[in-house]
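# Descriptive analysis of the structure
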Amino acid sequence: MTIDAHQHFWDIARGDYDWLTQGLGPIYRNFLPQDLKPILDALGIKATIAVQAAETLAETQFLLDIAQDHDWVIGVVGWVDFDDARVVDQIAAFSQNPKFIGVRPMIQSIQDTNWILGDQMHDGVKELIQRDISFDALVKPPHLDALITFLDRYPDLRVIVDHCAKPRIDLNEFDDWARKMADIAHRPNTFCKLSGLMTEAGTEPSFEKLHPYMSHIQRCFGHDRILFGSDWPVMTLAGTYHDWWDHWSKIAPDNAAEQSSAATFCAYPRLNAK
């Protein structure tokens, strides 16, 4: 089956989406399962992973509640507070839910590009490794040096790079990003979500513009470590779900659905326990 390994739900009334302002226009509204399911059905996508969009424990529970009510939401990548001394307890509590498969600190929003290397990470990361919970790295190119050091510090942690680390496609920046992504891919416990690129391409999210970046990720990670993700509904700022699906389909092998699904289950081993 085909899995969308990266999508979001949110309810504006919750009030904990600090980044989501009226200036974002088209996505400043509720996006819930009933909005996504018809799109998935039209494309034959059978399952999704819901990913956190707020830096609160309450939002993670909100996503877990959605997953409980919708079988096709097979997992949740939530948020825990690595700066809180109680982070181990937070991970332990969420891990009682079998659909809690990963965590994602919003590193891209943290001013200190070396935050991920702080001592505050140690106990939480060790707990993730012990419980087979994966780590989504929401990073941008300035964070990649620190991420490489982090990967070497915790080689037993499964790490999924979100949105190919958000290269500056709009500025045609490629070489430095490409070199560092290749370095990351040399580590066997790393994976990459082929997602989020349309919104990094500025006013020209065409296949021709995206292709060099998509092809580089293919060469570095191979299809056995690439996860298909939509980044819906954020990606609707640049185009439609069908647009991204068409871009992905142009570079995907004939058995892409099976390979992406297998990669998703490898990246999030707790999926295999359900």
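Notes on the structure in this doc start here.

Cut-off values and rules
Residues numbered from 1 in each chain as written. Predicted model: local features only at pLDDT ≥ 70, side-chain atom pairs only at ≥ 80, totals over all residues. Heavy atoms only, no water. Helix = DSSP H or I, 4+ residues; strand = E, 2+ residues; numbered from the N terminus. Rg over C-alpha atoms; globule rule 2.2 N^0.38 Å. Buried < 20%, exposed > 50% of the residue type's maximum accessible area, 1.4 Å probe, protein only. Contact = heavy atoms within 4.5 Å. Areas by Shrake-Rupley, 256 points an atom, 1.4 Å probe, with all protein chains shown as cover. Salt bridge = Lys/Arg side-chain N within 4 Å of Asp/Glu carboxyl O. Pairing = 2+ DSSP bridges. Axes fitted to C-alpha atoms, helices over the stretch in contact; angles between N-to-C directions. Polar contact = N/O pair within 3.5 Å; in protein donor to acceptor, adjacent residues only side chain to side chain.

The next subject is the overall build of the chain. Scanning the chain from terminus to terminus reveals 9 helices and 8 strands. The C-alpha atoms of the chain give a radius of gyration of 17 Å, which matches the 19 Å a tight globule of 274 residues would have. Its C-alpha atoms give the chain principal-axis dimensions of about 45 × 40 × 40 Å. With 274 residues in all, the chain has 57% of them scored as buried. For the chain, contacts bridging at least 24 residues in sequence account for 80% of all contacts bridging at least 6. Approximately 11300 Å² of the chain is accessible, and the part contributed by carbon and sulfur atoms is 48%.

What follows covers the pattern of salt bridges. Evaluated as defined, the whole model comprises 14 salt bridges. Among the salt bridges present, the one from R14 reaches D16, with a minimum N-O distance of 2.7 Å. Since its relative accessible area comes to 29%, R14 is described here as partly exposed. D16 gets classed as buried once you look at its relative accessible area, which sits at 11%. For D176, the salt bridge goes to K180, with nearest N and O atoms at 3.1 Å. Highlighted residues: D176 and K180, both in helix α6 (residues 175-185), separated by 4 residues, approximately one helical turn. You can call D176 partly exposed: its relative accessible area is 40%. By relative accessible area, K180 is classed as buried at 9%. When salt bridges with common partners are traced through the structure, they connect R104, D136, D162 and K193 into a single cluster.

Next up on the list: the side chain of T190. Its location among the elements puts T190 in strand β7 (residues 190-194). The exposure class of T190 is buried, given its relative accessible area of 2%.

Pairing is parallel across the open sheet formed by 8 strands, whose spatial order is β1-β2-β3-β4-β5-β6-β7-β8. Each edge of the open sheet carries a strand with a single partner, namely β1 (2-7) and β8 (226-228). Taking the axes of each pair of neighbouring strands and ignoring which way they run, one obtains an average angle of 30° across the sheet. Summarising the sheet, strand β6 (residues 159-161) and β7 pair through 3 bridges and their orientation is parallel.

This next bit is on the side chain of K99. Residue position: K99 is located in the loop between α3 (87-94) and β4 (100-103). From its side chain, K99 meets the backbone oxygen of V73 in a polar contact 2.8 Å long.

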